[in-house]
Amino acid sequence: MSTQKKTYIVIYTRYSSDLQSAKSCVDQEREIQDALSRSEIDHSDAIVIYDEAESGTKVFRDQFARIEAMMSAGEIDILVVDDQSRLSRADNAFGFITDLVYAGGRFISTGEGIDTNQTGWELRVKVMELHNSTTIRELGRRVRRG
């Protein structure tokens, strides 16, 4: 008898600081679930993971580390976010998503229409990584200047 490892749909949400609404994660979760339902992806057993008041520029976040561990263990079937910047605003998004795909997983950003099951996903993910990391650096520069 072969034992097959259980894999999960993982919904990941994040907001950046305690100055933002704690409802943000719940709002993102709802948007993701609506998009998955429209795509006819059964998410009834999805694991929902929140990172609250955690900057997307931080590489070490407790719940992000949980996702990394699940990915390493081959437990993620689909990782879904509302927006790729919720996963990361650092320069590591492309590498992380590529590792997920090579581990047999799938990445979906519902708000941006990114799906690693679609041809050309690599360019879209890389462009969004560049956009998100540049935007946050520019915002930081403006805040320090102001």
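Heads up: the structure comes first, above all this text.
Residues numbered from 1 in each chain as written. Predicted model: local features only at pLDDT ≥ 70, side-chain atom pairs only at ≥ 80, totals over all residues. Heavy atoms only, no water.

Peer 1: Please explain the overall build of the protein as it appears in this structure.
Peer 2: Along its length, the protein carries five helices and five strands. When the helices and strands of the protein are read in sequence order from the N terminus, they spell out β-α-β-α-β-α-α-β-β-α. A compact globule built from 146 residues should have a C-alpha radius of gyration of about 15 Å, and the protein, at 15 Å, falls within 12% of that. Its C-alpha atoms give the protein principal-axis dimensions of roughly 65 × 30 × 30 Å. Scored against the burial criterion, the 146 residues of the protein give a buried share of 39%. Considering only intrachain contacts with a sequence separation of at least 6, the fraction spanning at least 24 residues in the protein is 68%. Entry remark: accessible area of the protein is about 8400 Å², with carbon and sulfur atoms responsible for 50%. Charged side chains of the protein number 19 positive and 24 negative; the gap between the two group centres comes to 7 Å. (Helix = DSSP H or I, 4+ residues; strand = E, 2+ residues; numbered from the N terminus. Rg over C-alpha atoms; globule rule 2.2 N^0.38 Å. Buried < 20%, exposed > 50% of the residue type's maximum accessible area, 1.4 Å probe, protein only. Contact = heavy atoms within 4.5 Å. Areas by Shrake-Rupley, 256 points an atom, 1.4 Å probe, with all protein chains shown as cover. Lys, Arg positive; Asp, Glu negative; His and termini not counted. Charge placed at Lys NZ, Arg CZ, Asp CG, Glu CD.)

Peer 1: Honestly, the pattern of salt bridges in this entry has me stumped. Any pointers?
Peer 2: When the charged atoms of two side chains with opposite charge come close together, those side chains can pair. Evaluation of the coordinates by the stated rule reveals four salt bridges. Where arginine 30 meets aspartate 27, a salt bridge forms, and the shortest distance between an N and an O atom there is 3.3 Å. Taken together, the residues span about one helical turn, with arginine 30 and aspartate 27 both in helix H1 (residues 24-38) at a distance of three residues. On the basis of relative accessible area, aspartate 27 is assigned to the partly exposed category, the value being 32%. (Salt bridge = Lys/Arg side-chain N within 4 Å of Asp/Glu carboxyl O.)

Peer 1: What should I look at first to understand the pairing of strand E1 (residues 8-14) in this one?
Peer 2: Two faces, one strand: in a regular strand the side chains alternate between the faces of the sheet. Of all the seven residues making up E1, six are buried; the element is thus mostly covered by neighbouring parts of the structure. Bridge count between E1 and strand E3 (residues 76-81): four bridges; the pairing is parallel. Within E3, the residue paired with isoleucine 11 across the bridge is valine 80. In this structure, E1 lies alongside strand E2 (residues 47-51), joined through five bridges in parallel fashion. What sits directly across from valine 10, in E2, is isoleucine 47. (Pairing = 2+ DSSP bridges.)

Peer 1: Just checking my understanding: could you explain the packing of aromatic side chains for this structure?
Peer 2: The description of an aromatic ring pair rests on the distance of the ring centres and on the angle between the ring planes. What the rule picks out here adds up to two aromatic pairs. Judged by centre distance (5.0 Å) and plane angle (35 degrees), the rings of phenylalanine 64 and phenylalanine 96 are tilted. Taken as a pair, phenylalanine 64 in helix H2 (residues 62-72) and phenylalanine 96 in helix H4 (residues 93-102) lie far apart in primary sequence, 32 residues in all. Residue classification places phenylalanine 64 among the buried positions, given a relative accessible area of 1%. The buried category is assigned to phenylalanine 96, whose relative accessible area is 7%. The aromatic ring of phenylalanine 64 is capped on one face by arginine 61, whose charged end is 4.5 Å from the ring centroid. (Phe/Tyr/Trp six-rings, centres within 6.5 Å; stacked < 30°, edge-to-face > 60°. Lys NZ or Arg CZ within 6 Å of the ring centre and 35° of its normal.)

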